[in-house]
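Working through the structure, step by step
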Amino acid sequence: MIELYTAGTPNGKKASIMLEELGIPYTVHPIDFSKLEQKEEWYLKINPNGRIPAIVDKENGDFPVFESGAILIYLAEKYGKFLPKDPKERSIAIQWLMFQMGGVGPMQGQANHFVKFAPEKIPYAMNRYVDETKRLYSVLERRLKESEYLAGSELSIADIATWPWVKARSYIDLSLDDYPKLKAWEEKLGARPAFIKGSEVPKKS
C-alpha cells in the first residue's frame, strides 16, 4: 500500500495520476496549506523540504520518497511501467522528465505566481516567466512533431510529469493555438481515465 501526501497542485497531480495509471491501491492524505501542515515536524520526517507530494511505501519498510520526479522514478522502477528498460530509451525518458523538473515546472510556477498570486503586479517578472514558459512549450511542440509521446512511442513518466503543468496554463491565460501538437497531446492524455481520476485527487471537501 502506498500512502500519498498531496494537494491539488500540478506537482501533486503527477503522483496521483501515476498511481492511477499503475492501478495500485493507495491512501490519500490531503495536506492543508492554510494550516501549514507541510511544515509540521511529523511531515518533515517524510519530506524534509516541506513540500508536496510525498509517498510512504508501507510494503517497503515504510520507505518515504519525496520530490515528484523521484516519486515517479521510484514507482516506475518498482512496478516496471512507464520507464523503458533499454538504457538509451530510459535515458530519453529521464531527460524529458528532467526537462519538466528543471524547466517547465519552475518557470511556469513563477509565471503562475507573478501573474495570478503576487500582491504587486511586476511587468518585468510577469513577462520574463511567461515568455520563458512559451519558449519551453515551443520545445515540447517540436518534440511532439517527431514523437507521439515525449519519450518515444509509448507513454512514460515524462508525459505524466509534464501534462499537469500544461493543463495548469489557465493561470496565465496561455493558449495552445500556437502549439497544435502539444494541444493534441494534452487532449489525448486528458481523455485517459487515469489522468481524469488522478487530477481529482485529493477530493475537494
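Residues numbered from 1 in each chain as written. Predicted model: local features only at pLDDT ≥ 70, side-chain atom pairs only at ≥ 80, totals over all residues. Heavy atoms only, no water.

The name an unreviewed UniProt entry gives the chain is Glutathione S-transferase, with Leptospira selangorensis as the organism. For the record of the chain, the UniProt heading Sequence similarities (unreviewed entry) holds the text "Belongs to the GST superfamily." (UniProt positions renumbered as here; feature names shortened; annotations may be inferred.)

1. Structural notes on the packing of helix H6 (residues 157-167) against helix H7 (residues 180-190)
In a packed pair of helices, the relevant descriptors are the angle between the two axes and the axis-to-axis distance. At a minimum axis distance of 10 Å, the contact between H6 and H7 shows a crossing angle of 105°. Between H6 and H7, the crossing angle belongs to the class labelled roughly perpendicular. Contacts from Asp159, Thr162, Trp163, Val166 and Lys167 of H6 reach H7 at Leu182, Trp185, Glu186, Leu189 and Gly190. Split by residue class, the contact of H6 with H7 holds five nonpolar, two polar and three charged. (Axes fitted to C-alpha atoms, helices over the stretch in contact; angles between N-to-C directions. Helix = DSSP H or I, 4+ residues; strand = E, 2+ residues; numbered from the N terminus. Parallel < 35°, antiparallel > 145°, perpendicular 65-115°, else oblique. Contact = heavy atoms within 4.5 Å. Nonpolar A, V, L, I, M, F, W, Y, C, P; charged D, E, K, R; others polar.)

2. Some words on the sheet that holds strand E1 (residues 2-6)
In sheet architecture, strand pairing relies on hydrogen bonds along the backbone and comes in two forms, parallel and antiparallel. Sheet architecture is open: four strands sit in the order E2-E1-E3-E4, paired in mixed fashion. Each edge of the open sheet carries a strand with a single partner, namely strand E2 (26-30) and strand E4 (63-66). In this sheet, neighbouring strand axes are inclined to one another by 20° on average, regardless of whether the strands run parallel or antiparallel. Note that E1 and strand E3 (residues 54-57) share four bridges and pair antiparallel. Residue pairing in the sheet places leucine 4 in a bridge with isoleucine 55 of E3. Sitting on the sheet, helix H1 (residues 10-22) is in contact with E1 and E2, with an inclination near 155° to E1. (Pairing = 2+ DSSP bridges.)

3. Brief notes about the UniProt feature "domain: GST N-terminal" (unreviewed entry) in the chain
The UniProt record annotates "domain: GST N-terminal" (unreviewed entry) at residues 1-83. Secondary structure content for residues 1-83 is 35% helix and 22% strand, while the C-alpha to C-alpha distance between its ends is 21 Å.

4. Quick word on the nonpolar core
Core analysis: the largest hydrophobic core is formed by 55 residues, its most contacted members being Met18, Leu75, Leu140, Ile157, Leu182 and Trp185. At the level of elements, E1, H1, helix H3 (68-79), helix H4 (87-117), helix H5 (123-146), H6 and H7 are the ones that each hand at least two residues to this core. Here this core takes eight residues from H5, the largest share from any one element. The residue makeup of this core includes at least three contributed by each of domain 1 (2-81 + 195-200) and domain 2 (87-192). (Core = buried A, V, L, I, M, F, W, Y, C linked by side-chain atoms within 4.5 Å. Buried < 20%, exposed > 50% of the residue type's maximum accessible area, 1.4 Å probe, protein only. Domains from an automatic or database assignment.)

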